[in-house]
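# Inside the fold
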Amino acid sequence: MEQNPKLSILVTAYNVAPYLVQCLNSILEQDVDFTYEILLAEDCSTDTTRSIIKNYEKQFPHIIRAFYNESNIGYSRNLCNLIMQSKAELIIQIDGDDYIIDKLKLQQQVTILQEHSDCAVCSHNWFTVDTNGENAVMNQFPVSGSGVLPNGFLLYNFLGPGNLIMIRRSALPDILPDWLPGCSNNVDYAIYCIATTEGK
């Protein structure tokens, strides 16, 4: 396992067996010039999610660190636990039922944050698709320009869902707030609100 990776990729997984292989392959196929780790948190799934993760863990022991919960702890606590396990300067969340369509996505985001030390987060546009990967719909509020004003972010969450946003780990507290795991499915939005208090 890389001791000091540039990026930690956080993958939460609960009953995502139909999608997880595509998710993980889309990460592993990224064209990057930096080191990264994939942190996988399996939340006591009732399908074959856990066995899929174990298979990838065996294939990529130098990249993947997997955590298997003894009982279901929920999405928000699962994600917070992964953040605390991260060893990297930068973190990004990619849910187990999402996938990356651009092989340069992670490289582009890392480069942006390296070139702009005043930025705490980096996001991009996205598509939502159905369970067959079809009927793509672009995000409701397309991102344009180089930044988002705080009022736009707070009112419309321009940054989008969790699998888009790369965060500078130093923009988050060393120990996450006790209330954060209680944010349920809005935990990613709460995390970005915290991070954007530390940079653009």
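What this report covers is the structure whose coordinates are included nearby. Just so it is clear, the structure is predicted and the values come from calculations on it, not from any experiment.

Scoring rules and cut-offs
- Residues numbered from 1 in each chain as written.
- Predicted model: local features only at pLDDT ≥ 70, side-chain atom pairs only at ≥ 80, totals over all residues.
- Heavy atoms only, no water.
- Helix = DSSP H or I, 4+ residues; strand = E, 2+ residues; numbered from the N terminus.
- Buried < 20%, exposed > 50% of the residue type's maximum accessible area, 1.4 Å probe, protein only.
- Pairing = 2+ DSSP bridges.
- Salt bridge = Lys/Arg side-chain N within 4 Å of Asp/Glu carboxyl O.
- Contact = heavy atoms within 4.5 Å.
- Phe/Tyr/Trp six-rings, centres within 6.5 Å; stacked < 30°, edge-to-face > 60°.
- Lys NZ or Arg CZ within 6 Å of the ring centre and 35° of its normal.

Moving on to unusual backbone geometry. Its identity as a non-glycine residue notwithstanding, C44 has a phi of 60°, on the positive side. One can find C44 in the loop between β2 (36-42) and α2 (49-59). Overall, C44 belongs to the partly exposed group, its relative accessible area being 29%. For S184, which is not glycine, the phi torsion reads 55° and is therefore positive. Assignment of secondary structure puts S184 in the loop between β8 (166-168) and α6 (187-195). What makes S184 partly exposed here is its relative accessible area of 43%.

All right, on to the pairing of strand β4 (residues 90-93) then. Where burial is concerned, the two faces of β4 agree: the one with L90 and I92 and the one with I91 and Q93 are both buried. Pairing analysis gives four bridges linking strand β1 (residues 7-13) to β4, with the strands arranged parallel. Paired with L10 across the bridge in β4 is Q93. In this structure, β4 lies alongside β8, joined through three bridges in antiparallel fashion.

Bringing the pattern of salt bridges into the picture now. Counted by the stated rule, this structure contains five salt bridges. Ionic pairing is found between E42 and R50, a salt bridge with its closest N-O pair at 2.6 Å. A salt bridge links R168 to E89; the nearest nitrogen and oxygen atoms lie 4.0 Å apart. Note that R168 is positioned in strand β8 and E89 in the loop between α3 (75-85) and β4, a separation of 79 residues in sequence. One network of salt bridges, with partners in common, ties together K6, E89 and R168.

What follows is about the environment of Y19. Looking at where Y19 falls in the secondary structure, it is placed in helix α1 (residues 17-28). On the basis of relative accessible area, Y19 is assigned to the partly exposed category, the value being 28%. In this structure, the C-alpha to C-alpha distance between Y19 and T49, residues 30 residues apart in sequence, is 9.3 Å. Discounting chain neighbours no more than four positions away, the residues touching Y19 are G96, D97 and T131.

Here we take up the side chain of S8. Of note, S8 is situated in strand β1. A residue is classified by how much of its surface remains accessible, and S8, at 0% relative accessible area, is buried. Here S8 is in contact with E37, S86, K87, A88, L90, I91 and I92, once residues within four sequence places are set aside.

Time to look at the packing of aromatic side chains. Taken as a whole and judged by the stated rule, the model has one aromatic pair. Ring centres of Y56 and F60 lie 6.2 Å apart, and the angle between their planes is 20°; this geometry places the pair in the stacked category. Overall, the relative accessible area of 22% leaves F60 in the partly exposed class. Here K54 stacks its cationic end above the ring of Y68, 4.2 Å away from the centre of that ring.

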